[in-house]
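The primary structure of each chain is shown beneath.
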Amino acid sequence: MINIIVCMKQVIDPEAPPSTFKIDPATGKAEMHGAPPVIDPYGEYAVEASLKVKDAVGGKLTAISLGKGLLREVVKKPLAMGADELILLEDDAFAGLDSWTTATALAAAIKKKGGYDLILCGREASDTNSGQTGPGIAEILGLPCVTLARKIDVKDRTARVERVTSVGYDVIEVPLPAVITVSNEIGEPRYPTIKGIMAAKKIEPLVWKPADIGITPSAGARSRTKKLFQPVYEGKCEFVENDNIEEAAIALAVKIREAKIL
Amino acid sequence: MAEHLGVAVYCEIKGGTLLPIAAEGLGIGRQLADALGQPLSALLVGSGIGGLAPQAIAAGADKVYVVDDPLLKEYLAETYVRALQKAVGEIKPAVLIMGQTDAGRELAPRLAFRLDTAATLDCIDLAIDPATKRLLQTKPVYGGNAQAVYTGDTDPQIVTIRTKAFSALAPDASRKGEVISIAAALDASAIKTKVLDHVVAEAGGIKIEDANVVVSGGRGIGGAEGFKQLEELARLLKGALGASRPPCDNGWVADTVQVGLTGKIIAPEVYIAVAISGSSQHMSGCSGSKTIIAINKDREANIFRHARFGVVGDWKKVLPAFTAKIRELVAS
C-alpha cells in the first residue's frame, strides 16, 4: 500500500486543429477557438502511470490540480479514471504562474497533504512546454527525481524506472519517496468507466487557497513573459496536380529530381 | 547581480567527445558574451576529460572549467546536478547555456531550483536586451503553435537550447584560453539513485538525426505494414525512417524514430511527410528541414503550410508510383 500523488493541469485542447489557435490581442492569452479545455495529455499519462502502480501494489491516489476557473467536469477526470481524491489549488492568484511559483505551490500542497511515497507529474505541460514542475517539486521537497519514465515498477520501497533516452532507455533505481515525471511511452491512458464516472460525481474536491498552503503566488516569480506571439508561415507549397493520382506522383518525382533536391 | 559575470556554456560530453550542441552553445554564447562585453567560459564535467579543453577554446571559449571526478564517469542526474551546483556556484556566470538533451532537460531545472533562479528550456532564440542587459529567451510554447519570450531578474539566467537552432563557430585552433579545474567534492555515500542498465533500441541503418533524407509517416499510414513501404523509399534515398507520435504510441514503429516536441528534433536536407497532418507538436521536430515534401489526402492539412512541394491524394496510391519513379531516376 503506497500513497501516490499525481499533478495534472487544465489546458486549452492541444489536439484541436492548429487553425483554431489564437492569441487574444487584448489579453495576450492563448485560446483554442471553440474547443473546450481538457486535462493536459501529459498529465493524463502521469495519471495512467499512477494507476498502473496502484493496480500493481495497491494504495491511494490523490490528484492535485492548480489554476483558476477549473471546470469540475475536466479536473475530475482522474477520479473517473480511478483516483481516490482530488485537491484543487484554485484561485485567481494561481493563474499564469511561472515554473518556480507553480512548483512552489504544488510542493506546499503536497507537504500539507503529507504521507506521500510517490509523486508523479507529466514530462511537461502541453501549453507552456516548460518541463520543470516535477524536477522543481523534487528539489523543493529534497527528494530524488527521475524524469521521462516509460515504465515504473515499485517493490519494497524502491521504484525501478525505465527512463526514455534518445537511443532507447535507461533503467534507474530510486528509493521512495521520489518524484517521477512520465512520458507518453508509458501507454495510452485508460478510459473512465461508467462506474468510475459515477464514483467521481460523488467525490467533492478539497479546494485550497494560497493562504491554506502559506504562499503568496504574486511574490517570488523568477521568470516573466515579455511577449507571446504566433510565428507566421508563408505557405508557398507547389501542388503537383493531375486527375490521375499516380501521374501526379510521377510528376512530383520528376520535379524534385530536376530541382536537384533528391 | 553585479557579482555574476559572463556567459558559461555547459559542454556535454558523450563517449569521450563533445556533443555538437556544445559547439552550438559556445557559438551563441560567444555572441551573447560579446554583446555584454564579458568573457565566455566552457564547463566540462566528467571523468578523464581534461583533454577536451582545447576543443572548447577553439570553439570560442575564453576560459574552460573542468570538473573531473571518477564518480562522474557515467551520467547520473543526481551526481551531475551536484557537480554543476558546485561549479556554477564558483563560476557565478550571468548566463548559463545548456543543451536540450536527455541530460540537459533534467539538469537545467534542477540546477535552477537549487540556485534559486529560473530556467527556460528548449530556446530557439537568445539575445541580450540592449536596455536592461538581461537575456531575452525565446522558446516554442503551446506545442509550437506560439512562441514566448521570457526574461528574469535572478542570476544565473539558465537556458537550454534546441538542437541545430544555433550555429557553431568554425573551430580556430590558434585561439588561446585558460583552463581551470574545479573539484566535484562528491560524497559517494549520499547518492540515492542508481543506473542499472542502458538499453539501446535496435535501429538498423542511418540514425535519424544524422540522415540527409528522412521519410516520415503519420497516423494515416494505418499500421506497421504500411511503414515497410516508407522504409523502402528511405533505403532507396539512403535516408532514415521517421514518424509522428501516433504511430509510435500505437507500436507500429520504434519510439526512437519519433519526430516532434516529445521525440527527435531534426533538420535534414529533405523531409518527406507521408499521411502526416502536421500538428504543431510534430512540426516543432522537423520545421528546420531544408525542403519538406508532403503527401496527404487533405488539401487543408497544416503540413502543406510548411511544405515546398505537395501532392493531394491517398498515400497508398501516391507512394508506390513515386517510389518507382524515384528508383528509375536514381538508377539512370
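Let me begin by describing the structure that accompanies this report. (Residues numbered from 1 in each chain as written. Chains lettered and ligands numbered in written order. Predicted model: local features only at pLDDT ≥ 70, side-chain atom pairs only at ≥ 80, totals over all residues. Heavy atoms only, no water.)

## Some details on the sheet that holds strand 8 (residues 125-128) of chain B
Spelled out, the test is: Here a strand pair is declared whenever DSSP counts at least two bridges between the two strands. Per the convention used, a helix needs a DSSP run of H or I reaching at least four residues, while a strand needs a run of E reaching at least two, with both numbered from the N terminus. Lines fitted to C-alpha atoms define the axes here, with helix axes fitted over just the stretch in contact, and angles between the N-to-C directions of these axes take values from 0 to 180 degrees. In this description, contact between two residues means that some pair of their heavy atoms is separated by no more than 4.5 Å.
Reading across the sheet, the four strands line up as 14(A)-10(B)-9(B)-8(B) and stay open at both edges, with antiparallel pairing between neighbours. Sheet topology places strand 14 (224-229) of chain A together with strand 8 of chain B at the edges, where each strand pairs with a single neighbour. Geometrically, the sheet is characterised by an average inter-axis angle of 25° between neighbouring strands, direction not taken into account. Each of strand 8 and strand 9 (135-141) of chain B touches helix 1 (residues 20-36) of chain B; the most contacted strand, strand 8 of chain B, lies at about 15° to it.

## Things to note about the sheet that holds strand 1 (residues 7-10) of chain B
Residues and elements named next belong to chain B. Taken together, the seven strands give an open sheet; going across it, the order is 7-11-6-1-4-5-12, and neighbouring strands pair in parallel fashion. Edge strands, defined here as strands with exactly one partner in the open sheet, are strand 7 (119-123) and strand 12 (178-181). Across the sheet, the axes of successive neighbouring strands diverge by a mean angle of 20°, strand direction being ignored. Examined bridge by bridge, strand 5 (residues 63-68) and strand 12 share four bridges and lie parallel to one another. Looking at strand 12, one finds that Val-64 is bridged to Val-179. Of the strands in this sheet, strand 1, strand 4 (40-46), strand 5 and strand 6 (95-99) are in contact with helix 3 (residues 77-91), which crosses strand 4 at around 150°. Each of strand 1, strand 6, strand 7 and strand 11 (157-161) is contacted by helix 4 (residues 104-114), which is oriented at about 160° to strand 7, the strand it contacts most.

## Observations regarding helix 3 of chain B
All names here are of chain B. Convention followed: A helix is expected to reach a length of 1.5 Å times the quantity of its residues less one. With a 1.4 Å probe rolled over the protein chains alone, any residue whose accessible area is under 20% of its type maximum counts as buried; one over 50% counts as exposed, and the rest are partly exposed.
Along its 15 residues, helix 3 runs 20 Å from first to last C-alpha, staying within 8% of the 21 Å computed at 1.5 Å per residue. For helix 3, the full list of buried residues reads Ala-77, Glu-78, Thr-79, Tyr-80, Val-81, Ala-83, Leu-84, Ala-87, Val-88 and Ile-91. Here the buried face of helix 3 lies against strand 1, strand 4, strand 5, strand 6 and helix 4. In the segment just after helix 3, Lys-92 is the residue with positive phi, at about 50°.

## Let's talk about the pairing of strand 10 (residues 146-151) of chain B
The buried fraction of strand 10 of chain B is high, at six of six residues. Here strand 10 of chain B shows two buried faces, one formed by B:Ala146, B:Ala148 and B:Tyr150 and the other by B:Gln147, B:Val149 and B:Thr151. Strand direction decides the pairing type here: strand 14 of chain A and strand 10 of chain B, joined by five bridges, are antiparallel. Its bridge partner being in strand 10 of chain B, A:Thr225 is matched across the sheet by B:Tyr150. As judged from the five bridges shared by strand 9 of chain B and strand 10 of chain B, these two strands associate in the antiparallel manner. Within the sheet, the bridge partner assigned to B:Val141 lies in strand 10 of chain B and is B:Ala146.

These results come straight from atomic positions and should not be treated as a statement about function.
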